[in-house]
Structures are given as C-alpha cells and as structure tokens.
Amino acid sequence: MNRALPAVRLRVPTHEDAFAWYRAFDDPEVMEFHGGRSAELSVYEELTARQRRHDAELGFCLWTLTGEAGEVIGFTGAQPWAPGWGPRGEIEIGWRLGRPHWGKGYATAAALLTLERLRAAGVPRVVAMVRPGNERSVAVTRRLGMEAAGSYPHPRLPEDALCFRLDLRATTQDGNTE
C-alpha cells in the first residue's frame, strides 16, 4: 500500500457498541462472507459482552474501531478460535467494517495496531480465516505479511475456508521479517 493509512482508534466495545455494530453491518454486502444476511441485535449484544470478557481475561478482543471523528467504523481485533472445526487452539485476527469505510485503509491500519497489541500481550502467532472470494480480506492478510497456511472444510458451506498465518515473534509492526 503506497498511501498513508488513516488514523484509527481501537477501544473495548461498550454495550452501546452493539447498536453501532448492528447498524454498520446491516447490509447484505457487508454480510456476504458472514452468513449472507444481517444478524439480530441480540447477536451483537452477546458479541460485545463476550469481547469485554476476552479483554479482561486475555488482554485482547475484537475492539470497536473508530475513525478520527470518533465514529464507529466496525471492529478489528483478535479472539480465540471458538468453532469446533478449523485452527483449534489458535488466536484469530479479524475485521469487519461498515460499507462506507471500505477501500480506505481502515482494516489494514487497525489490523496493524491489533498486531502491536497482540505482541505486547505475548501472543506468539495469529491466524485469519477467510472465505474464498473475499478478496478484500485476502488483500489485508497480504498487507499484514500473513502466509497461506492451508484450508479447512467448512461444516456448513460447500467450500473450504482459507487459513492464513503470521508468526508474531518473527515479524515487525510493518509485516517485515526481522
């Protein structure tokens, strides 16, 4: 990426952020690779509560991503991989942005900040699980310096989920190897 990345802030999600996430993600394009349709508000209420617990217990979570003016853009962060399939025992980095914020560098900027925080928390490596066809997310993994690490059969979809991995002990903030 040749342009300067935007300034972003990450904060532990509040209960009110459940409403902001619900509004930001209530868009079929945003949800194309996340179940295809908007989730109920209760899903985001449970998700923000779980992220507050993760932050308290682990020192990291899916943080609320805000722009320079304090507007909620989406979320970016990491959490333990929870499904019973895929990269069990790994920490997954992820991001989801409201449609108006796509293509502006927010996901990359916030993911780089997430990597800094994960290193500080002592996380040795991260994975990113991406559905085939989600080229925007694949591009972010490349900008972070992640490498393809295989795929996993998806239990509910007729496609494998792609797995990307990054060793945080061997890379710098800008994704370069030390």
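None of the values given here were measured: they were computed from a predicted structure. (Residues numbered from 1 in each chain as written. Predicted model: local features only at pLDDT ≥ 70, side-chain atom pairs only at ≥ 80, totals over all residues. Heavy atoms only, no water.)

## Quick word on the environment of Val8
Within the secondary structure layout, Val8 lies in the segment before β1 (9–11). Note: C-alpha distance between Val8 and Val127 (119 residues apart in sequence) is 22 Å. Excluding its chain neighbours within four sequence positions, the residues that come into contact with Val8 are Leu65, Thr66, Tyr106, Ala109, Ala110 and Leu113. (Helix = DSSP H or I, 4+ residues; strand = E, 2+ residues; numbered from the N terminus. Contact = heavy atoms within 4.5 Å.)

## What to know about the pairing of strand β2 (residues 62–66)
Judged by how many residues are buried, β2 sits mostly within the fold: 5 of 5 residues are covered. Pairing of β2 with strand β3 (residues 72–80) involves 5 bridges; the strand directions are antiparallel. Opposite Thr66, over in β3, you have Val72 as the bridge partner. What sits between the antiparallel neighbours β2 and β3 is a turn of 5 residues, in which Gly70 has the positive phi angle 85°. (Buried < 20%, exposed > 50% of the residue type's maximum accessible area, 1.4 Å probe, protein only. Pairing = 2+ DSSP bridges.)

## Some points on the environment of Gln79
Position of Gln79 among the secondary structure elements: in strand β3. For Gln79, a relative accessible area of 15% gives the class buried. Sequence-wise, Gln79 and Leu62 are 17 residues apart; in three dimensions their C-alpha atoms are separated by 6.6 Å. Residues contacting Gln79, with those up to four places away along its chain left out, are Arg50, Gln51, His54, Phe60, Leu62, Glu90, Ile91 and Glu92. Polar contacts involving the side chain of Gln79 include one to the side chain of Gln51, which spans 2.8 Å. (Polar contact = N/O pair within 3.5 Å; in protein donor to acceptor, adjacent residues only side chain to side chain.)

## A look at the pairing of strand β6 (residues 147–153)
Examined bridge by bridge, β6 and strand β7 (residues 160–167) share 5 bridges and lie antiparallel to one another. Across the sheet, the residue bridging to Ala148 is Phe164, located in β7. Joining the antiparallel neighbours β6 and β7 is a turn of 6 residues.

## Here we look at the nonpolar core
Nonpolar side chains in soluble globular proteins tend to be buried together. Of all hydrophobic cores here, the largest spans 31 residues; its most connected members are Leu65, Ile93, Trp95, Leu115, Val126, Leu144 and Met146. Among the elements of the structure, β2, β3, β4 (91–97), α3 (106–120), β5 (125–130), α4 (135–143) and β7 are those that each provide at least two residues to this core. The element best represented in this core is α3, accounting for 8 residues. Every residue in contact with Met146, bar those within four places of it in the chain, is listed here: Ile93, Val126, Val127, Ala128, Thr141, Phe164, Arg165 and Leu166. Counting 10 residues, the second largest nonpolar core, distinct from the first, contains Ala24, Phe25, Val30 and Ala39. (Core = buried A, V, L, I, M, F, W, Y, C linked by side-chain atoms within 4.5 Å.)

## Observations concerning the side chain of Ser137
Mapped onto the elements of the fold, Ser137 is located in helix α4. For Ser137, a relative accessible area of 11% gives the class buried. Ignoring any residue separated from it by four or fewer positions in sequence, one finds Ser137 in contact with Trp95 and Val130.

## Notes on the side chain of Asp17
When you line up the elements, Asp17 lands in helix α1 (residues 15–25). In this structure Asp17 comes out as buried when scored by relative accessible area, which is 3%. Apart from the residues lying within four places of it in its own chain, the contact partners of Asp17 are Arg11, Val12, Thr48, Thr64 and Val72.

## Regarding the confidence of the model for the protein
Atomic detail in the predicted coordinates should be set aside for any region of low pLDDT. For the protein, per-residue confidence averages 89 on the pLDDT scale, and residues scoring 70 or more make up 91% of the total. By mean pLDDT, β6 is the weakest element of the protein at 92, and β2 is the strongest at 97. (pLDDT = per-residue confidence, 0-100.)

## Digging into the packing of α1 against helix α2 (residues 41–58)
At a closest axis distance of 8 Å, the pairing of α1 and α2 adopts a crossing angle of 130°. In terms of orientation, α1 and α2 fall into the oblique class. When the axes of α1 and α2 are compared, the crossing they make is right-handed. Residues His15, Asp17, Ala18, Phe19, Trp21, Tyr22 and Phe25 of α1 touch α2, and the partners they reach there are Leu41, Tyr44, Glu45, Leu47, Thr48 and Arg52. (Axes fitted to C-alpha atoms, helices over the stretch in contact; angles between N-to-C directions. Parallel < 35°, antiparallel > 145°, perpendicular 65-115°, else oblique. Left-handed = near helix turned anticlockwise from the far one by under 90°.)

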